Amino acid sequence: MTFLTFQQEIELAVKKKVQLKINDNHTTMLSVKWEPECTKISIHRIFLEAPKNIMDALSCYIKKKNGHLCPSVQAYIEEKLQNEDYSYRIPPEKLISQGVCYDLKQFYDEINLEYFEGKVNLAITWFGRATKKNRSRVTFGMYQHSLKLIKIHKLLDNPFFPEYFVKFVIYHEMVHHVRPAYYDTKGKHHIHSKEFKELESQYIHFAAAKAWMKKHYDNFFMM
Ligand SMILES: [Zn+2]
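The next thing to look at is the domain arrangement of the chain. Annotation of the chain at the domain level lists domain 1 (3–83) and domain 2 (87–215). Between domain 1 and domain 2, the C-alpha centre-to-centre distance is 32 Å. Taken together, the contact between domain 1 and domain 2 spans 10 residues of the former and 12 residues of the latter. Between domain 1 and domain 2, the buried area comes to about 910 Å², and carbon and sulfur atoms account for 49% of it. Summed over the shared surface of domain 1 and domain 2, the number is one salt bridge. With a shortest N-O distance of 3.1 Å, R89 and D24 are connected by a salt bridge.

Next up, the structure:
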């Protein structure tokens, strides 16, 4: 389906004007604003090659208003996103892996060699503040597929966190790259899938890292 046809179909269905924009975002790939006079849609270029069933599901979502995005569309976005590489968009000066206590890049390289034959190719950086203000939960690590970027919370740059634990957080994020999240045929989203957990448990200090996390769980929240 071409975008012109898509736009015309939606306009017919919602009996309203539709403003369609194609984006090349690496985070928000789809946004819809249902305004009284006009429905504004910003849609990623990956939809230019979407199969008919995806476009049909998408137009259903746009017609229905405020409903949930169909899992098939979410799955399509996620799958396509995993194949995109926007890493060139990260300014090199934004990547800071050397900390006061730990060097993330050094840990990452060690893990890459030990577990992945050095074949994983991701960027890694600290993020957040080194001190914790309140009792809010902390995300220790995250992985951004489209940027091929691992971010580790600056809070972990502290001897309070044992080296094997910091490495485990990095390893966990690398496993997210190697065993990406997916939607099954029933539309269930598997982030930490069976395959993910199997690989995650290969970490040499897996039991110790889990035990450490359990002990300190009340203070922090992770991954
Ligand atoms: Zn995770």
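With that settled, consider the side chain of T39. Looking at where T39 falls in the secondary structure, it is placed in strand β3 (residues 38–44). Judged by its relative accessible area of 0%, T39 falls in the buried class. The contact partners of T39, leaving out residues within four places of it in the chain, are K16, K17, V18, Q19, V32, K33, W34 and I62.

With that out of the way, let us pick up the coordination of the zinc ion. Here the zinc ion is held by the protein donor atoms H172 (NE2), H176 (NE2) and H192 (NE2), which lie 2.0 to 2.1 Å from it. In the primary structure, the donors to the zinc ion are separated according to the pattern H-x3-H-x15-H. Highlighted residues: H172 in helix α5 (residues 163–178) and H192 in the loop between β8 (189–190) and α6 (194–200), separated in sequence by 20 residues.

What follows concerns α5. In this model α5 runs 22 Å from its N-terminal to its C-terminal C-alpha over 16 residues, within 8% of the 22 Å that 1.5 Å per residue would give. Burial analysis of α5 places 12 of its 16 residues in the buried class, the great majority of the element. Those residues of α5 not exposed but buried are F165, V166, K167, F168, V169, I170, Y171, H172, E173, M174, V175 and H176.

Rules and cut-offs
Throughout, residues of each chain are indexed from 1 in the direction in which the sequence is written. Given that the model is predicted, a residue must reach a pLDDT of at least 70 before its local features are reported, and side-chain atom pairs must reach 80 or more before they are shown or counted; all residues, however, enter totals for whole chains, interfaces and linings. Only hydrogens and water are set aside when side-chain values are computed; all heavy atoms of the structure are taken into account. The source of the domain bounds is an automatic or database domain assignment. We call two residues contacting when some pair of their heavy atoms lies within 4.5 Å. Buried area: the accessible area, evaluated with a 1.4 Å probe, that two parts lose upon being put together, summed over both parts. Within this document, salt bridges are pairs made up of a side-chain nitrogen of Lys or Arg and a carboxyl oxygen of Asp or Glu, the two lying within 4 Å of each other. Note on conventions: DSSP H or I runs of at least 4 residues are helices, E runs of at least 2 residues are strands, and numbering of each starts at the N terminus. Relative accessibility decides the category of a residue: with a 1.4 Å probe and only protein chains considered, values under 20% of the type maximum give buried, values over 50% give exposed, and everything between is partly exposed. Metal-coordinating donors are taken as N, O and S atoms lying within 2.8 Å of the metal, or within 3.2 Å when the metal is Na, K or Ca; because water is left out, some sites can appear incomplete. An expected span of 1.5 Å times one less than the residue number is assigned to each helix.

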